[in-house]
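# Coordinate analysis (summary)
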Amino acid sequence: MTELIDPPTATETTELKVLGACPQDCPDTCAMVVTVQDGVAVDVAGSKEMPFTDGGLCVKVDNYLDRVYHPDRLLHPMRRSGPKGSGEFEQITWDEAIDEIATRFQQTIAEHGAEAIMPVSYLGTQGILNGLNVGDPFFNNLGATVAERTYCDAGSCTAYAMTIGDTAGVDPESMVHSKFILIWAANIQSTNLHLWPYIREAMKRGAKVVVVDPVRTRTAKAATQHIPIRPGTDGALALAMMHVIIAEGLTDDEYVAAHTVGYDELVERVQQYTPEWASAETGIDVETIRTLAREYATSQPSVIRIGVAVERHAGGGQTVRTLSCLPALVGAWRNPGGGILQLPLWAFPVNWGAMMHPELITPGTRVVNQFLLGQALTGAMQLDPPLKALMVYNSNPVVVCPDQDELIEGLSREDLFTVVSDHFLTDTARYADIVLPATTQLEQEDIMFSWGHLFVTYNNPSIEPRGEAVPNTELFRRLAAAMGMDDPVFRRTDTEMIAEAFDWTAPAMEGITVEGLKEKGWARLNLPGPDEYAPHRDGNFRTPSGKTEFLSSAAAAGNFVVPLFRQGSNDHQPGQEVDPLPHYIAPRESSAADAELAARYPLNLISPKAHAFINSSYGNIERHQKVQKPATLIMNPADAESRGIESGDVVRAFNDRGSVTLLAKVDDATISGVTVCHLGHWRTDSLGVSTLSSLNPTRFADLGNAPTFSDTLIQVERVSSPEDPTTA
Ligand SMILES: Nc1nc2c(c(=O)[nH]1)N[C@H]1C(S)=C(S)[C@@H](COP(=O)(O)OP(=O)(O)OC[C@H]3O[C@@H](n4cnc5c(=O)[nH]c(N)nc54)[C@H](O)[C@@H]3O)O[C@H]1N2
Ligand SMILES: Nc1nc2c(c(=O)[nH]1)N[C@H]1C(S)=C(S)[C@@H](COP(=O)(O)OP(=O)(O)OC[C@H]3O[C@@H](n4cnc5c(=O)[nH]c(N)nc54)[C@H](O)[C@@H]3O)O[C@H]1N2
Ligand SMILES: [Mo]
């Protein structure tokens, strides 16, 4: 393996500091300062000026140069020269690559129709230009199958929108004023590191911090109290909190009367959700539930920070609905630092329409959810026409998509033409026919919103593209030109796209200009400061009624996916009626719902985020692998002992969908009945062939077509121990 490029020494060089922005799919969206010497980046650091970044980067991006200059970086287009999956490729020119893609797409359209082509993308970069939507205008115009992308927070967004509308909610910086911080299914110290100083400051000022999580995470350890809970039963706890708050008269009656809809119906509904009932569901004792409800209601301002795992089970949507109702019930919205923090991205007037161009979709074009890609490719899902061509960018579906085995089977199809653009030859790229090299954030220009704070950040490019890598924007310009799309939309320069990226005339953008951003790197949205910002002090929820809708009016029209995840506008899904009042839906893979399944597969598997990776990104980089350690299954001692498993043993985790070989770690950080395997390891770096996603189901949660990663049952058996190599 070649070494990283040696940085030149300071004496012989010119040094430049370039203001950038972290591209990763993370709430923190840090402002970065890149030091460049003679055209080579030698340091990436967090901006000291940008308040949220506050001079520090995380363990992932502090080492971004390992990524940029990694010897395995894809630097040239390549064509497959061996069997699919083998990783054998030969270098070709960009002209050859673009020509071959355009020809194959045209042939596919002629033989099967454009719907036989499907794009697959997600958030490898979160830049407004190069991120999620960069290929949308091209594929929409082509008439390709529309990809529904509900990996993350889609169910949460539907539920939140149904309840309080698309509001920013609590400003994370306001959390220094919170008196009670309820962190629900989020591992802040790994996944939202830069929020922690605000929480620490609140604690210093006397706030209580409670973490609801099946695992005693580093965040749970740092909190005042950890409440372990059975995965997927969060709705029961939240509904029981409502029950106690109402029964004990802890509601803010004035606020409820003025700013909510459906209180009487809610009161009747939550009668049944007693703490005793919730205790049996969640595994939390009755007194803990009562105390949580009382303290949450009476320590104002109180805030709930929901993590993405809240949505990841059969009843995830209703759980988020319930949690979004709670702040109004107790009047938490009255003060800065009170309410709920979901995705403050709603505050950013991003001009999504100009990025996606959904009007280019021919009405009636079929939609396929990306979770179902495996089924769509193998034919298990009947599609007419079948999928014949795929283009993947900003995503590594083999690692992040459920039911990995079926996806691999589909990607292995000889008659499928697959194109992948990435920085590395990922587990997905190994199945490509054509691989294209993409630039990293240092090599491209972009502008960023955030889903974890209220600052716009700007990424000035700091170095020339390595090899022949191109930004995603340029890739789609080249493809569109080759396919004869000459409308100006397909020829927009990056500068022109930046001019369209925001509604610059929106009040939130007042005083913010592209020039200013380029020079300073970041700007806070034009909103009241964190010491004053109480967006729903006087109601003004972004629902049809302008109130918190305990009784949801949007529910009447049925389940829907918000336009961010499915281009178009809140398409309601026919036949999927939604009960307009919050209610409990038990996990699908549980003894209550499926005793036969639970008898064969008695352990729950959850797959939270890895500390040192971002999803599967960095899973191939040595320094990050060292911090993260090999793919490990964490088991409670009770579950391990009964299976004769000790720490360091090689184990097989399996269910009807797949089988994964992992290292065992016996640790009472997780509750009995719950196993934990962090997301992000690559198949090429596994003890066996597959990764944990082969165990995950493709079924959706109740709202917004969210995944059900936390609603997964498995069995585990010991394969060998390190001292027992004969059976390895
Ligand atoms: N280091 C790092 N940071 C990241 C990422 C990464 O991969 N690595 N990914 C980024 C992305 S894309 C996202 S969406 C965010 C997500 O950030 P988080 O919302 O923090 O997401 P997770 O780590 O998936 O889950 C958080 C916690 O939920 C717990 N959990 C799992 N199932 C349940 C359940 O049913 N109920 C309850 N109460 N808890 C449960 C897990 O044990 C875990 O501690 O992080 C972002 N930041
Ligand atoms: N079991 C389980 N599954 C999960 C989750 C979980 O917690 N558990 N989390 C889910 C969540 S929350 C999310 S957000 C998704 C994440 O799913 P993805 O967004 O697919 O995340 P990554 O695996 O990091 O893949 C991103 C890929 O994009 C590439 N990339 C980065 N920048 C660029 C660029 O500028 N151009 C191009 N062309 N490529 C680029 C990276 O190298 C990487 O290979 O996974 C979901 N899947
Ligand atoms: Mo995510």
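Residues numbered from 1 in each chain as written. Chains lettered and ligands numbered in written order. Predicted model: local features only at pLDDT ≥ 70, side-chain atom pairs only at ≥ 80, totals over all residues. Heavy atoms only, no water.

### Details of the sheet that holds strand β8 (residues 180-184)
Adjacent strands of a sheet pair through backbone hydrogen bonds, lying either parallel or antiparallel. What counts, and what does not: Paired strands, in this sense, are two strands between which DSSP finds at least two bridges. For the purposes of this entry, the term helix denotes a DSSP run of H or I that reaches at least four residues, the term strand denotes a run of E that reaches at least two, and both are numbered from the N terminus. Helix axes use the C-alpha atoms of the stretch in contact, all axes being lines fitted to C-alpha atoms, and the angles between their N-to-C directions lie in the range 0 to 180 degrees.
Strands sit in the order β10-β9-β8-β12-β13 across an open sheet of five strands; the sheet is parallel. Each edge of the open sheet carries a strand with a single partner, namely β10 (225-227) and β13 (339-341). Across the sheet, the mean angle separating the axes of adjacent strands is 20° when strand polarity is ignored. Where strand β9 (residues 208-212) lies against β10, three bridges are found, and the strand directions are parallel. Directly across from V211, in β10, lies its bridge partner H226.

### Thoughts on the site of ligand 1
Put simply, the test is: Whether a residue is near a molecule or strand depends on its heavy atoms: if one lies within 4 Å, it is near. In protein, a polar contact means a hydrogen-donor-capable atom and an acceptor-capable atom, both N or O and within 3.5 Å, with residues adjacent in sequence counting only if both atoms are side-chain atoms; elsewhere, any N or O pair within 3.5 Å suffices. Only the protein chains shown count as cover for residues, with accessible areas throughout obtained via the Shrake-Rupley method and a probe of 1.4 Å.
If you check the shell around ligand 1, you find 33 residues, and the closest are D213, D234, A610, F613 and N615. Here a nitrogen atom of ligand 1 sits 3.2 Å away from a polar atom, N or O, in the main chain of V212. V308 places a polar main-chain atom, nitrogen or oxygen, 2.9 Å from an oxygen atom of ligand 1. In isolation ligand 1 offers 910 Å² of accessible surface; the protein chains occlude 98% of this area.

### Here we look at the pairing of strand β3 (residues 40-46)
Side-chain direction in a regular strand flips from residue to residue, so the side chains alternate between the two faces of the sheet. Taken together, the six bridges between strand β2 (residues 31-37) and β3 define a ladder with antiparallel strand orientation. Directly across from T35, in β3, lies its bridge partner D43. Between β2 and the antiparallel strand that follows it, β3, lie two residues; D38 among them carries a positive phi value of about 45°.

### Notes on the packing of aromatic side chains
Heads up, the condition is: Stacked, tilted and edge-to-face pairs are distinguished by plane angle, under 30 degrees for stacked and over 60 for edge-to-face with tilted covering the rest, among Phe, Tyr and Trp rings (Trp via its six-membered ring) whose centres lie within 6.5 Å. Geometrically, a lysine NZ or arginine CZ counts as sitting over a ring once it is within 6 Å of the ring centre and also within 35 degrees of the ring normal.
Enumeration according to the criterion identifies 22 aromatic pairs in this entry. Ring plane angle 85° and centroid distance 4.9 Å describe the contact between F138 and F139, whose orientation is recorded as edge-to-face. Three or more aromatic residues joined by ring pairs make a cluster, and in this case those are F105, F138, F139, Y393, F417 and F476. Sitting over the ring of F654, R652 keeps its end group 4.0 Å from the ring centre.

### Quick word on the site of ligand 2
Short version of the rule: Just so you know the grouping, Ala, Val, Leu, Ile, Met, Phe, Trp, Tyr, Cys and Pro go in nonpolar, Asp, Glu, Lys and Arg go in charged, and all remaining residues, Gly too, go in polar.
Around ligand 2 there are 31 residues in total, and R67, D422, K609, S616 and S617 lie nearest to it. With respect to ligand 2, the side chain of N394 contributes an N or O atom lying 3.3 Å from a nitrogen atom. The side chain of S395 places a nitrogen or oxygen atom 2.7 Å from an oxygen atom of ligand 2. A total of 920 Å² of accessible area belongs to ligand 2 in isolation, and the protein chains cover 98% of it. For the shell around ligand 2, the per-class residue count stands at 10 nonpolar, 16 polar and five charged.

### What to know about the domain arrangement of the protein
Note the threshold: As used throughout, domain bounds are those supplied by an automatic or database domain assignment. Every residue pair with non-hydrogen atoms within 4.5 Å of one another is taken to be in contact. A quick way to say it: buried area is the sum, across both parts, of accessible area lost when two parts are put together, with a 1.4 Å probe. Take a side-chain nitrogen of Lys or Arg and a carboxyl oxygen of Asp or Glu: if they are within 4 Å of each other, that pair is a salt bridge.
For the protein, the assigned domains read domain 1 (15-68), domain 2 (78-147 + 369-524), domain 3 (154-342) and domain 4 (595-720). Between the C-alpha centres of domain 3 and domain 4 the distance comes to 27 Å. Domain 3 puts 26 residues into the contact, and the matching count from domain 4 is 20 residues. Summed over both partners, the interface of domain 3 with domain 4 buries about 1800 Å², with 59% contributed by carbon and sulfur atoms. Seen at the junction of domain 3 and domain 4, the total is one salt bridge. One salt bridge connects D668 with R216, and the closest N-O pair in it is separated by 3.0 Å. Viewed at the interface, domain 4 and domain 3 are joined by 11 residue pairs in polar contact (both at pLDDT 80 or more). Of all the secondary-structure elements, those providing two or more residues to the side of domain 3 that touches domain 4 are α4 (154-163), α5 (188-191) and α13 (316-330). Among the elements that make up the side of domain 3 that touches domain 4, the one with the highest residue count is α4 (five residues). Looking at side-chain class alone, the side of domain 3 that touches domain 4 contains 10 nonpolar, 10 polar and six charged residues.

### Concerning the pattern of salt bridges
This model, assessed by the stated rule, comprises 36 salt bridges. Note that D415 and R413 form a salt bridge whose closest N and O atoms lie 2.8 Å from each other. One continuous salt-bridge network, built from bridges that share partners, spans E248, E276, E287, R290 and R294.

### Remarks on the side chain of H681
Note that H681 resides in the loop between β26 (674-676) and β27 (713-720). A distance of 2.7 Å separates the side chain of H681 from the backbone oxygen of K629, its partner in a polar contact. One polar contact links the side chain of H681 to the main-chain amide nitrogen of A631, over a distance of 3.3 Å. Filtering out sequence-adjacent residues up to four positions away, H681 remains in contact with V399, F613, Q628, K629, P630, A631 and T691.

### Re the sheet that holds strand β18 (residues 446-448)
Read across the open sheet, the three strands follow the order β18-β19-β20; overall the sheet is antiparallel. Both edges of this open sheet fall to β18 and β20 (522-524), since each of them pairs with a single strand only. Mean inter-strand twist for the sheet, computed between neighbouring axes without regard to direction, equals 15°. Here strand β19 (residues 455-459) runs beside β20; their pairing, made up of three bridges, is antiparallel. Each residue of the ladder has a partner; that of F455, found in β20, is R524.

### Some words on the packing of helix α8 (residues 234-247) against helix α12 (residues 286-298)
Just so we agree on the cut-off: Here roughly perpendicular refers to angles of 65 to 115 degrees, roughly parallel to angles under 35, roughly antiparallel to angles over 145, and oblique to all remaining angles. It is the rotation of the near helix from the far one that decides the hand of a crossing: anticlockwise by less than a right angle makes it left-handed, clockwise makes it right-handed.
One way to put it is that α8 packs onto α12 with a least axis distance of 9 Å and a crossing angle of 65°. With respect to α12, the element α8 is oriented roughly perpendicular. Crossing of α8 against α12: the hand is right-handed. Touching L237, A240, M241, V244 and I245 of α8 are I289, R290, L292, A293, Y296 and A297, all from α12. Here the residues of the contact of α8 with α12 sort into 10 nonpolar, no polar and one charged.

### Observations concerning helix α18 (residues 472-482)
Inclusion rule: For the exposure calls, accessible area comes from a 1.4 Å probe over protein chains only, and a residue counts as buried if that area is under 20% of its type's maximum, exposed if over 50%, partly exposed in between.
Within the sequence span of α18, burial applies to N472, T473, L475, F476, R477, L479 and A480. Of the surrounding elements, those touching the buried residues of α18 are α2 (94-112), α3 (136-142), β15 (389-393), β16 (417-422), β17 (434-437) and α19 (494-501). The first or second residue beyond α18 is G484, which carries a positive phi of 75°.

### Some details on the pairing of strand β24 (residues 650-654)
With four of its five residues buried, β24 lies for the most part within the structure. Sheet topology note: the β24/strand β25 (residues 659-666) ladder contains five bridges and is antiparallel. In the sheet register, A653 faces β25, and the bridge partner there is V660. Connecting the antiparallel pair β24 and β25 is a turn made up of four residues. The pairing of β24 with β27 spans five bridges and is antiparallel. If you follow F654 over to β27, its bridge partner there is Q715.

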